Amino acid sequence: MNDRIFKIILFLAALVMPVVCGGIVYALANDAYDAFNHFGFINFITSDEWNYTQGNEHYGALPFITGTLLTTLLALVFCIPFSLPVSLFVGEYFKGKKIASILSTVTDLLAGIPSIIYGLWGFYTLRPIIMSLNISPQGSGILTASLVLAIMIVPYAASLSAEFIKMVPDELKEGAYSLGATRAEVIRKVIFPIAGSGVFSSYILAIGRALGETMTVTMLIGNTNQLPASITSTGNSMASIIANQFGEADGLRFSSLIAIGLILFLITAIINVVGKVLIKRARI
Amino acid sequence: MKKIYIKHRLLKDKLLFVMVSLLSALTAVPLLAILGEVLIKGYDQFSWAFFTEPTPTAYKAMKAVAAGELIPGGIANGIVGTLIMLGMASLFALPIGIMCGIYLAENSKKKFAYIVSYITDLLQGTPSVIIGIVTYIWVVVPMKGYSAIAGSVALFIMMLPLIIRSTEETMKILPSSLKEAGLALGGNYMRVVTKVQLPAAFGGIFTGTLLAISRVIGETAPLMFTALGCSIIRWDIDKPISAVPLLIWEFFNDPNLQDLIWGASLFLLVFVLTLNLTAKKLAKKWNS
Amino acid sequence: MEFVKPVLEFDKVCVSYTKQTMAVKYVSAAIERNSITAIMGPSGCGKSTLLRAANLMHNLYPNIHVNGDILLNGENIFQMHPIDVRRRIGMVFQRPAPFPTMSIYENVLAGFTLNGINLSKSEKEEVVENCLKSVSLWNEVKDVLNKKGTFLSGGQQQRLCIARALALKPEVLLMDEPTSALDPIASKHIEELLLQLKKDVTILIVTHNMGQARRISDHSMFMYLGELVEYDNTLKMFENPFDERTKAYLTGKMG
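As the structure is a prediction and not an experimental result, all values here were calculated from the model.

J.: Looking at this structure, I do not really get the overall build of chain C. What am I missing?
T.: Scanning chain C for helices and strands turns up 11 helices and 10 strands. A globule of 255 residues ought to have a C-alpha radius of gyration of about 18 Å, and chain C, at 18 Å, matches this closely. In terms of its C-alpha atoms, chain C occupies a principal-axis envelope of roughly 55 × 40 × 35 Å. Looking at chain C as a whole, 56% of its 255 residues qualify as buried. For chain C, the proportion of contacts with a sequence separation of at least 24, taken over those separated by at least 6, is 67%. Of the roughly 11,500 Å² that chain C leaves accessible, carbon and sulfur atoms contribute 49%. Taken together, the 29 basic and 28 acidic charged side chains of chain C have centroids lying 4 Å from each other.

The structure is reproduced here in structure tokens:
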């Protein structure tokens, strides 16, 4: 085999990625066409009716788009008070120390736990707690799903942020200390402004993960198809409605679920690419 | 010179330190809670039969529960299915992923490589449930049925970006002198890549593969619409097949089989976390 | 050397990074007010370590241990709070490092912002103008005060860092090889600047450049393997060193 053939083979292997990606977009767009054609794109994403009784079929994605955005946003809110301290612990206070690597291992392990096990834990441990606190009668719902989702994204946000916090040069920190700043002031006025864009992009990527998380949300969100009335009520996310109904769907319902899949795919694609672009910029 | 209020600032400084330490320590709580719960509830289930026998029928399980006995049977069908699908997915994802990774590392200046690199990031972030429904459209529909093949395709798509990334990153940090020395000795391009660079990159690619496997082994959503599940131990790749995470999902939804949840979860958790920790340990060892 | 009311006194100062070895061994010296004192010696002799101890930089690194006393106007700085000490003893580092996210204007005021001191707009403008003038940077940057400090040349950045330290009106300015990362012209500029500054502030400068020490300093210290070998009037030391090791160093036979 000569070099020319070898290089062609390498090229063909690289070609697999665009082909797979194109195939995904094509498959989703092709099967989503019916739904968009029948309801109209705008109507599809702004309608909150999800009715599959024969004769009255009507599908709108608004409850699920709302569910996804709400769970993601809440997860982010719950995640920051823990992920930010962890990134400071690992990247600044105990940088390079044994205890920092222990905490990193803890977050690595958290990141490694399969989402179905998070779902089980949320269902059997967290849900009864929510019930006993009288937050919601059935225990499942947007809030419960968001809480577990927050735990799941802490490792992603924290470990990447810590990398950027670590990269702030010692000489800048020493410069600030030599002017009489305390550590808290150095963190707030030197480290965060410098590492800020990197930390921000870590959270974008964490959002990307939360948006598409399926099993945990499916097991905890309560699986109702109306617009959620409050954060404690039940609902469905885009991923969880697919997980719930895809197996039994056909015709227009099938196409509507694929349409939701397409929208979810596009949202996560945008978030991920934006996050990666920001990270590449922050690294320079 | 204006007065500097030191006490107030020091208090804030201490407070931040205490808060950071406390909140950081709190992140260990969910890990310990999850490990503890799965370990305590799952440990009782572990027996030889649990790993060698397939899932019992709901009726058998109901009878056992009524009699106050342990549910008979186990998760052997899931273990076999997981291994078959992982094996088939790796069989394709490894060579294609490694070659694609080499291409990206070697042609990083080319526009095409740049695009492929972004698509790799994009696929890595694609929700697994979407991989599931796309594989359904691609494989299950034309084959007119769920199968181990479809499940493998879904896992293949999920593994690919991870293997590409680890190969690319490892190849990029190899010293360029290695390649130059190889070429200077008169080796052709292919020989230098396969005989000099790839062996040097073995460690990185190996740990990347372990991480990729640990990442996809617990995936449930992409298998629900592809492999479907099956209650007997099956070796045919064109028929529906089970997997450990699929079994957990079935047990979760079937009140009669609920007791089996924890044993299966413990098995999955131990497997995933061991792979994960081993990979990270190896990576650290090979890096230093 | 003895001075009436020295501004800074080192009294048997020892610094160690590990238990076995000492980087600075029992250094005692008094520093004259409104003078420039140069600390010389081959690399690794402990000169930077000694200087950093006077700014309590070792507090940031728990593995570094310091013994002995350092007195600022007779008061032991190890018993004062680091925030206080560092405000009264400024420091300029080897590599110019203005804060990259702050403008030139904000960099000069960084000492105030970091210490949480609020100044009125007119106070701020006064401080910025005075400090930049005292490092002769004002004319060069007065129209680009809102640009990031990192846009400036190396020499300008270093002068900005000096201005940043001067803004807090310190009594002592510690300088750790401030010109070693600069070209000869920029270095000369800084040297001229220091000669002007010494009427307001006492300068303690670490340098590995003997010519520089000779040109600008009033007194010189020579350190070797962590010990203070010789401390004298600069002219006297250069012309007639007392110790053989000093002689060897000054004649280029060492380090």
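Okay, back to it.
J.: Would you mind going over the packing of aromatic side chains with me for this structure?
T.: Note on aromatic pairs: each is described by the distance of the centres and the angle between the planes. Under the counting rule described, the total for this entry stands at 33 aromatic pairs over all chains. Ring plane angle 40 degrees and centroid distance 5.3 Å describe the contact between Phe246(A) and Phe254(A), whose orientation is recorded as tilted. The exposure class assigned to Phe246(A) is buried, which follows from its relative accessible area of 2%. Of the aromatic side chains, those joined through ring pairs into one cluster are Phe36(A), Phe39(A), Phe41(A), Phe44(A), Trp50(A), Tyr59(A) and Phe64(A). Sitting above the plane of the Tyr189(B) ring, Lys7(A) keeps its charged end 4.6 Å from the centroid. Of note, Lys280(A) hangs over the ring of Tyr118(B), and the distance from its end group to the ring centre comes to 4.5 Å.

J.: Would you explain the interface of chain A and chain B in this entry?
T.: When the parts come together, some accessible area is lost, and that loss is often what is quoted as the size of the interface. Between chain A and chain B, the contact holds 76 residues from the first and 75 residues from the second. Summing both partners gives a buried area of about 6,800 Å² for chain A against chain B, and 80% of it is carried by carbon and sulfur. Summed over the shared surface of chain A and chain B, the result is three salt bridges. For Asp108(A), the salt bridge identified is with Lys280(B), shortest N-O distance 3.6 Å. At the surface where chain A touches chain B, the tally comes to 10 residue pairs in polar contact (both at pLDDT 80 or more). Of the residues forming the side of chain A that touches chain B, the biggest block, 19 residues, is contributed by helix α1 (residues 3–39) of chain A. The residue inventory of the side of chain A that touches chain B, partitioned by class, reads 55 nonpolar, 13 polar and eight charged.

J.: In this structure, what is going on with the nonpolar core? I would like to understand it.
T.: Soluble globular proteins tend to bury their nonpolar side chains together. One finds Phe44(A), Leu8(C), Leu132(C) and Ile162(C) to be the most contacted residues of the largest nonpolar core, which totals 278 residues. Residues in contact with Ile162(C), not counting those within four places in the same chain, are Val92(C), Val135(C), Leu173(C), Met175(C), Ile190(C), Leu193(C) and Leu197(C).

J.: I would appreciate a short explanation of the pairing of strand β3 (residues 36–40) of chain C in the present structure.
T.: Walk down a regular strand and you will see the side chains alternate between the two sheet faces. All names here are of chain C. Extensive coverage of β3 is indicated by the burial of five of its five residues. In β3, alternate side chains face the same way, and those of Ile36, Ala38 and Met40 on one face and Thr37 and Ile39 on the other are all buried. Sheet topology note: the β3/strand β8 (residues 202–206) ladder contains four bridges and is parallel. Among the inter-strand pairings, threonine 37 is bridged to a residue of β8, identified as leucine 204. Where β3 lies against strand β9 (residues 219–224), four bridges are found, and the strand directions are parallel. By the bridge assignment, methionine 40 is partnered in β9 with phenylalanine 222.

J.: Would you explain the sheet that holds β3(C) in this entry?
T.: The pairing of strands in a sheet comes from backbone hydrogen bonds and takes either a parallel or an antiparallel form. Residues and elements named next belong to chain C. Ordered by their spatial adjacency, six strands build an open sheet running β6-β7-β8-β3-β9-β10, and the pairing between neighbours is mixed. Each edge of the open sheet carries a strand with a single partner, namely β6 (89–92) and β10 (227–233). Averaged over all neighbouring strand pairs, the angle between strand axes comes to 15 degrees, with direction disregarded. Docked against the sheet, helix α7 (residues 154–166) engages β6 and β7 (172–176), running at close to 170 degrees with respect to β6.

J.: In this structure, what is going on with empty space enclosed by the protein? I would like to understand it.
T.: Counted under the stated rule, the structure contains two cavities of 30 Å³ or more. Of the voids in this model, the largest cavity is the one considered here, and its volume is about 80 Å³. In this structure, the largest cavity is lined by 13 residues; those nearest its centre are Met91(C), Val92(C), Phe93(C), Cys161(C) and Arg164(C). Tallying contributions element by element places α7(C) first for the lining of the largest cavity, with four residues. Here the residues of the lining of the largest cavity are counted per class, giving seven nonpolar, three polar and three charged. Considering the residues around the second largest cavity, the lining is formed by Thr82(B), Met85(B), Leu86(B), Leu155(B), Val216(B), Ile217(B), Glu219(B), Leu223(B), Ala243(B) and Pro245(B). For the lining of the second largest cavity, the secondary-structure elements that each account for two or more residues are α5 (76–106) and α10 (189–217) of chain B. Sorting elements by how many residues they give to the lining of the second largest cavity places α5(B) first, with three residues. For the lining of the second largest cavity, the residue count by class is eight nonpolar, one polar and one charged.

J.: Could you clarify how one ought to interpret the packing of helix α6 (residues 142–166) of chain A against helix α11 (residues 251–283) of chain A in this entry?
T.: Pairs of packed helices are described in terms of their axes, by the angle between the two and the distance that separates them. All names here are of chain A. For the pair α6 and α11, the least separation of the axes is 11 Å and the interaxial angle reads 20 degrees. Looking at the two axes, α6 sits roughly parallel to α11. The two elements α6 and α11 cross, and the hand of that crossing is left-handed. In this structure, α6 contributes Leu160, Glu163 and Phe164 to the contact, and α11 contributes Ile279, Ala282 and Arg283. The class makeup of the residues in the contact of α6 with α11 is four nonpolar, no polar and two charged.

J.: Explain the layout of surface pockets to me, please; I cannot follow it from the model alone.
T.: Here the idea is plain: a probe the size of a water molecule rolls over the atoms and shows the empty space left. Within this model, the second largest pocket holds a volume of roughly 770 Å³. Residue lining of the second largest pocket: 26 residues in total, with Glu92(A), Tyr177(A), Arg183(A), Asn59(C) and Leu60(C) positioned closest to the centre. When residues of the lining of the second largest pocket are traced back to their parent elements, those giving at least two are α3 (62–93) and α7 (170–178) of chain A, α1 (6–26) of chain B together with α2 (82–88) of chain C. For the lining of the second largest pocket, the element with the highest residue contribution is α1(B), accounting for five residues. Considering only residue class, the lining of the second largest pocket consists of 12 nonpolar, four polar and 10 charged.

J.: Would you mind showing me how to read the interface of chain C and chain B here?
T.: Listed by partner, the interface residues are 13 residues for chain C and six residues for chain B. When the two sides are added together, the surface that chain C and chain B hide from each other amounts to roughly 820 Å², 70% of it contributed by carbon and sulfur. Viewed at the interface, chain B and chain C are joined by one residue pair in polar contact (both at pLDDT 80 or more). The dominant element in the side of chain C that touches chain B, judged by the number of residues it contributes, is α2(C), at three residues. Across the side of chain C that touches chain B, the residue classes tally to six nonpolar, three polar and four charged.

J.: When you look at the environment of Glu37(B) in this model, what are you seeing that I'm missing?
T.: Examined against the element boundaries, Glu37(B) turns out to sit in helix α2 (residues 28–43). Relative accessible area serves as the criterion here: at 11%, Glu37(B) is assigned to the buried category. Through-space distance from the C-alpha of Glu37(B) to that of Trp262(B) is 8.5 Å; in sequence the pair is 225 residues apart. Discounting chain neighbours no more than four positions away, the residues touching Glu37(B) are Trp121(A), Tyr124(A), Thr125(A), Gly42(B) and Trp262(B). Within the structure, Glu37(B) has its side chain in polar contact with the side chain of Thr125(A) (distance 2.3 Å).

J.: Hey, could you run me through the sheet that holds strand β5 (residues 75–76) of chain C in this one?
T.: Residues and elements named next belong to chain C. The sheet built from four strands is open, its strands ordered β2-β1-β4-β5 with antiparallel pairing. On the outer flanks of this sheet lie β2 (24–31) and β5, each paired with one strand and no other. Bridge count for strand β4 (residues 65–72) against β5 is two bridges, and the pairing is antiparallel. The partner of leucine 72 across the bridge, within β5, is glutamate 75.

J.: Help me out: how do you make sense of the environment of Thr207(B) in this one?
T.: All names here are of chain B. Along the chain, the position of threonine 207 falls in helix α10. By relative accessible area, which is 8% here, threonine 207 ends up buried. Taking the C-alpha atoms as reference points, threonine 207 and leucine 282, separated by 75 residues in sequence, lie 6.7 Å from one another. Among all residues touching threonine 207, those that are not within four sequence positions of it are Ala279, Leu282, Ala283 and Trp286.

The rules behind the values
- Residues numbered from 1 in each chain as written.
- Chains lettered and ligands numbered in written order.
- Predicted model: local features only at pLDDT ≥ 70, side-chain atom pairs only at ≥ 80, totals over all residues.
- Heavy atoms only, no water.
- Helix = DSSP H or I, 4+ residues; strand = E, 2+ residues; numbered from the N terminus.
- Rg over C-alpha atoms; globule rule 2.2 N^0.38 Å.
- Buried < 20%, exposed > 50% of the residue type's maximum accessible area, 1.4 Å probe, protein only.
- Contact = heavy atoms within 4.5 Å.
- Areas by Shrake-Rupley, 256 points an atom, 1.4 Å probe, with all protein chains shown as cover.
- Lys, Arg positive; Asp, Glu negative; His and termini not counted.
- Charge placed at Lys NZ, Arg CZ, Asp CG, Glu CD.
- Phe/Tyr/Trp six-rings, centres within 6.5 Å; stacked < 30°, edge-to-face > 60°.
- Lys NZ or Arg CZ within 6 Å of the ring centre and 35° of its normal.
- Buried area = accessible area lost by both parts, 1.4 Å probe.
- Salt bridge = Lys/Arg side-chain N within 4 Å of Asp/Glu carboxyl O.
- Polar contact = N/O pair within 3.5 Å; in protein donor to acceptor, adjacent residues only side chain to side chain.
- Nonpolar A, V, L, I, M, F, W, Y, C, P; charged D, E, K, R; others polar.
- Core = buried A, V, L, I, M, F, W, Y, C linked by side-chain atoms within 4.5 Å.
- Pairing = 2+ DSSP bridges.
- Axes fitted to C-alpha atoms, helices over the stretch in contact; angles between N-to-C directions.
- 1 Å grid on protein atoms, 1.4 Å probe; cavity = no way out; pocket = protein on both sides within 12 Å on 5 of 7 lines; lining within 4 Å.
- Points joined across faces, edges and corners; volume = space filled by probe spheres on them.
- Parallel < 35°, antiparallel > 145°, perpendicular 65-115°, else oblique.
- Left-handed = near helix turned anticlockwise from the far one by under 90°.

These figures capture arrangement, not role.
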